Amino acid sequence: PDSHKRVPPIVTQIIDGLTTRKRLPEDSNQLNRSLPLVLLYDDKGLELFDRITYLPEYYLTNCEIEVLETDIQEIIAEIPDDSDVIELGCGSLRKTQLLLEALDQARSGVTYYAIDVMPLPLHESLGALAQRFKNISFVALCGTYDEVLTHFKKAARRKTLLWLGSSIGNYSTSDACKFLSNIVDRALVPNDAIIIGMDRKKDPDVIMDAYHDSEKVTDEFELNALAHVNNIIADTVATLKGSTSPEPSIDGLFDVSKFDYTGEYDEVTGRHSAYLRALEDMVIRWPRELLATVKSICGSEDDLELKQGELIFIESSYKFGKTAPEMVARGSGLTHSVEWTDSRGFYTLNLFRK
Ligand code: AVI
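A quick note: this is a predicted structure, and the numbers were derived from the prediction, not measured.

*Asks:* In this structure, what is going on with the packing of helix α1 (residues 9-19) against helix α10 (residues 217-241)? I would like to understand it.
*Replies:* Two numbers describe a pair of packed helices, the interaxial angle and the distance between the axes. Running from N to C, α1 and α10 point in directions that differ by 120°, and their axes come no closer than 10 Å. On the basis of the axis angle, α1 is oblique to α10. Seen along the crossing, α1 lies across α10 with a hand that is left-handed. Packed against α1, whose contacting residues are Ile10, Val11 and Ile14, the element α10 presents Val229, Ile232, Ile233 and Thr236 at the interface. Counted by class, the contact of α1 with α10 contains six nonpolar, one polar and no charged residues.

Below, the structure written as structure tokens:
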């Protein structure tokens, strides 16, 4: 009867998102089932996202690299000797290398901290970099930002946080401000800096192409969230049953082949929304071991019924207007001090100070 107590939080979030239809931020009428964004980033998802960053249509990465290449001297002028550079969510480090190369030549005593929730990619990529740069010390910190960042407030050294890749766009502006305020309070002292990559609003066709590439890597990336759900559910059921490896008879919740990926861009809010769409009517039965949890979350043990065409919301990717950096600054206790842009004005790097 109390088995739901042993159910991991991600499973309760999955059940809650699938059983209740919620309003998207800034959307007055659309109610959707949803899945948590983190489901996009298992090992397979990280690999697919890395492939996305090399696609010709996914201009964000190339624009960020262009800004880093063009304005690198101005950028590193903001980062003093003997200071800490702390990157939130480091992924493949392809872009960070540009910054590190310049710092390695022009500065002494800089320590680069990479913070990520995923231990493996973090150590692999950092090890190689640490070999190359002789004037920079490297530290990999694995954990949530909350766990890790508090440690920095006490340090006497100046700090520059990096939040690149327009990851801020995966949050609504109010959630981004909450996230940043928390970081500002926990980790920064006056004059510390944070550099944030922000993708700009632009021709909707360019944005739609970036999220609907011709090789369909994005489709694979978004649909992989369903396979990830299946793995999590199968593992949880196996654990609840007390067996060591998931039974082959339990393959999770979804038949992934019965879904496709669809997305839409709204020019007014600047939001690209990604959804997983049911290709036919389906009835999804909850595993017996999870029924108590399902009931405690939504009040019934009913099967999950999806109608053909029904959408499960998975990801927002916001694009920002010209005044957005000021709004972000105001909402999170920072001042916006510099903006660097690529030649097409597609993408900006923004320096904020506490
Ligand atoms: C990680 N994040 C900023 C990417 C984005 O553009 O929202 C993830 C992504 N989703 C689809 N393509 C890339």
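Next, the rest of the story.
*Asks:* Would you explain the site of the ligand in this entry?
*Replies:* In the region of the ligand, 14 residues are neighbours, and Tyr58, Asn170, Tyr211, Glu315 and Ser317 sit closest. Between the ligand and the protein, one listed contact pairs an oxygen atom with a side-chain N or O atom of tyrosine 211 at 2.5 Å. Within the side chain of serine 317, a nitrogen or oxygen atom sits 2.6 Å from an oxygen atom of the ligand. Contact with the protein chains covers 96% of the free accessible surface of the ligand, which is 340 Å². When contributions to the shell around the ligand are tallied by element, the ones reaching two or more residues are α2 (43-52), α10 and β12 (311-318). Among the elements that line the shell around the ligand, the one with the most residues is α10, at three residues.

Conventions and cut-offs
- Residues numbered from 1 in each chain as written.
- Predicted model: local features only at pLDDT ≥ 70, side-chain atom pairs only at ≥ 80, totals over all residues.
- Heavy atoms only, no water.
- Axes fitted to C-alpha atoms, helices over the stretch in contact; angles between N-to-C directions.
- Helix = DSSP H or I, 4+ residues; strand = E, 2+ residues; numbered from the N terminus.
- Parallel < 35°, antiparallel > 145°, perpendicular 65-115°, else oblique.
- Left-handed = near helix turned anticlockwise from the far one by under 90°.
- Contact = heavy atoms within 4.5 Å.
- Nonpolar A, V, L, I, M, F, W, Y, C, P; charged D, E, K, R; others polar.
- Near = heavy atom within 4 Å.
- Polar contact = N/O pair within 3.5 Å; in protein donor to acceptor, adjacent residues only side chain to side chain.
- Areas by Shrake-Rupley, 256 points an atom, 1.4 Å probe, with all protein chains shown as cover.

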